Amino acid sequence: MLTDVAVVVTEPVPAFELGIVSEIFGLPRADPSLPRYSYAVCAERRTPMRTSSGFAVQSTHDLSRLATADLIVVTGAAPPVPPPTPALAGALRQAADRGATVAAVCTGAFVLAATGLLDGRTATTHWAYAPELARHYPATTVDPDRIYVLDGPIATSAGSSAAIDLCLHLIRREHGADVATRVARELVVPAHRSGGQAQFSAAPVALPGSGDLAGLLDWAADHLGDDLTVEALAQRAAMSTRTFIRRFTAATGATPGAWVREQRVRQAEQLLEKDNATIAAVARHCGFGSPDTLRRQFRRVRGVTPEAYRAAFRD
């Protein structure tokens, strides 16, 4: 169970990413029933460190604190990211070996790659630096479009605010979709963002009528058991199928089919955590139709069967 979190900083400290991790894991939530964590900011030396914004911060602990953390989050500044010192590299490798989750936000992926922890794994980073990461570390498969990637005990996120998505996913993995949603609600952010970095890697284009999709998305999220084929959604949006797909993808960063699948899986998670309904009933309620379809799509998106997911929250 995730109870102990440590974030590693080096100079210049990325103020935004440190703030995100500290907000999510370092502060008590307004809802006292939500999880609380033992939290530490770690560096090799406990001296004031310059941030990317110009002000200074000081760590609460040295690297010895990493030995007890269940989750270690590594930050990074704009490239070129200095390679980790032998002490930091060794501490990160030891943490992964003992079963801790080692995560990198934004360009922290360069730090993990330099330790060898990304060798043979898939990872992501800010879209602007993904080619550089792939070029310098060919043993790592770099996916430039993913918001975050979990590969075994190693996690990486895309740039800046994607740290929120990764942190919420780690909470979802440990505590379930309901807890992650409640934390997201306190942060006033989506519990899950559909689509990848491609929607952010170029200047956004205001497409005529794209604002009309907000109402459609709300309706679809409330009617996941209905017919939500591309053709049905396009008809409801009063668009041709081709125009609807183009505008939907531009507005959300995901195809209509991928977005609907994700929403249905999220609803299935909540029912599996709280409800005693049969797998067949969950499948019907969420719009998957049959238990086999639910199992196939759930495993595709979450990597486990619905039965295994439910069992994890009944132990």
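Below is a summary of the structure that appears in this document. (Residues numbered from 1 in each chain as written. Predicted model: local features only at pLDDT ≥ 70, side-chain atom pairs only at ≥ 80, totals over all residues. Heavy atoms only, no water.)

Topic: the pairing of strand 5 (residues 71–74)
Cut-off, in case you're wondering: For every residue, the accessible area obtained with a 1.4 Å probe (protein chains only) is divided by the maximum for its type, and the residue is called buried under 20%, exposed over 50%, and partly exposed between those limits. Each helix is a run of DSSP H or I of at least 4 residues and each strand a run of E of at least 2, with the numbering of both proceeding from the N terminus. What makes two strands pair is DSSP finding at least two bridges between them. Handedness of a crossover is defined as follows: orient the strands so they point away from the viewer, and if the path from the first strand over the helix to the second runs clockwise, the crossover is right-handed.
Here strand 5 shows two buried faces, one formed by L71 and V73 and the other by I72 and V74. With four bridges connecting them, strand 1 (residues 4–8) and strand 5 associate as parallel partners. Note that in strand 5 the partner of V5 across the bridge is L71. As judged from the four bridges shared by strand 5 and strand 6 (residues 101–104), these two strands associate in the parallel manner. From the neighbouring strand, L71 faces strand 6, where its bridge partner is T101. Taken together, strand 5, helix 2 (residues 86–97) and strand 6 form a β-α-β motif whose crossover is right-handed.

Considerations on the packing of aromatic side chains
What counts here: The pairing test for Phe, Tyr and Trp rings, Trp by its six-membered ring, is centres within 6.5 Å, and the orientation test on the planes gives stacked under 30 degrees, edge-to-face over 60, and tilted for anything in between.
Applying the stated criterion across every chain, the model contains four aromatic pairs. The interplanar angle of 50° and the centroid separation of 5.5 Å between the aromatic rings of F244 and F248 together place this pair among those described as tilted. In this pair, F244 and F248 are both assigned in helix 9 (residues 241–252), four residues apart and thus about one turn of the helix distant. Taking relative accessible area as the criterion, F244 reaches 0% and is therefore assigned buried.

Some points on the nonpolar core
Our working definition: The nonpolar core is taken to be a set of buried Ala, Val, Leu, Ile, Met, Phe, Trp, Tyr and Cys residues, with the residues joined through side-chain atoms within 4.5 Å. Residue contacts follow a heavy-atom distance rule, with two residues in contact if any of their heavy atoms lie within 4.5 Å.
Ranked by size, the top nonpolar core spans 38 residues in total, and within it I24, F25, Y39, L71 and I171 carry the most contacts. Elements supplying a minimum of two residues to this core: strand 1, helix 1 (15–26), strand 2 (38–42), strand 5, helix 5 (162–175) and helix 6 (177–187). Looking at this core, the element that brings in the most residues is helix 5, giving eight residues. Excluding residues within four positions of it along the chain, F25 makes contact with L2, V5, Y37, Y39, L71, C167 and I171.

Focus on the pattern of salt bridges
We apply this condition: We define a salt bridge as a side-chain nitrogen of Lys or Arg found within 4 Å of a carboxyl oxygen belonging to Asp or Glu.
The final tally for this structure, using the stated rule, is eleven salt bridges. Across the pair D31 and R182 runs a salt bridge whose closest N-O atoms are separated by 2.8 Å. Of this pair, D31 sits in the loop between helix 1 and strand 2 while R182 sits in helix 6; the two residues are 151 residues apart in sequence, bridging distant segments of the chain. D31 gets classed as partly exposed once you look at its relative accessible area, which sits at 25%.

Some points on the side chain of E269
Mapped onto the elements of the fold, E269 is located in helix 10 (residues 256–274). Setting aside its immediate chain neighbours within four residues, E269 contacts R172, A177, F298, R302 and Y309.

Focus on unusual backbone geometry
A cis geometry characterises the amide bond from E11 onward to P12, with omega recorded as -5°. Turning to its location among the elements, P12 is positioned in the loop between strand 1 and helix 1. Residues P79 and P80 are joined by a peptide bond in cis, for which omega reads 5°. Mapped onto the elements of the fold, P80 is located in the loop between strand 5 and helix 2. A positive phi is found at S160, a non-glycine position, where the angle reads about 45°. On the secondary structure map, S160 appears in the loop between strand 10 (154–157) and helix 5. Of note, V188 is a non-glycine position whose phi angle comes to about 60°, a positive value.

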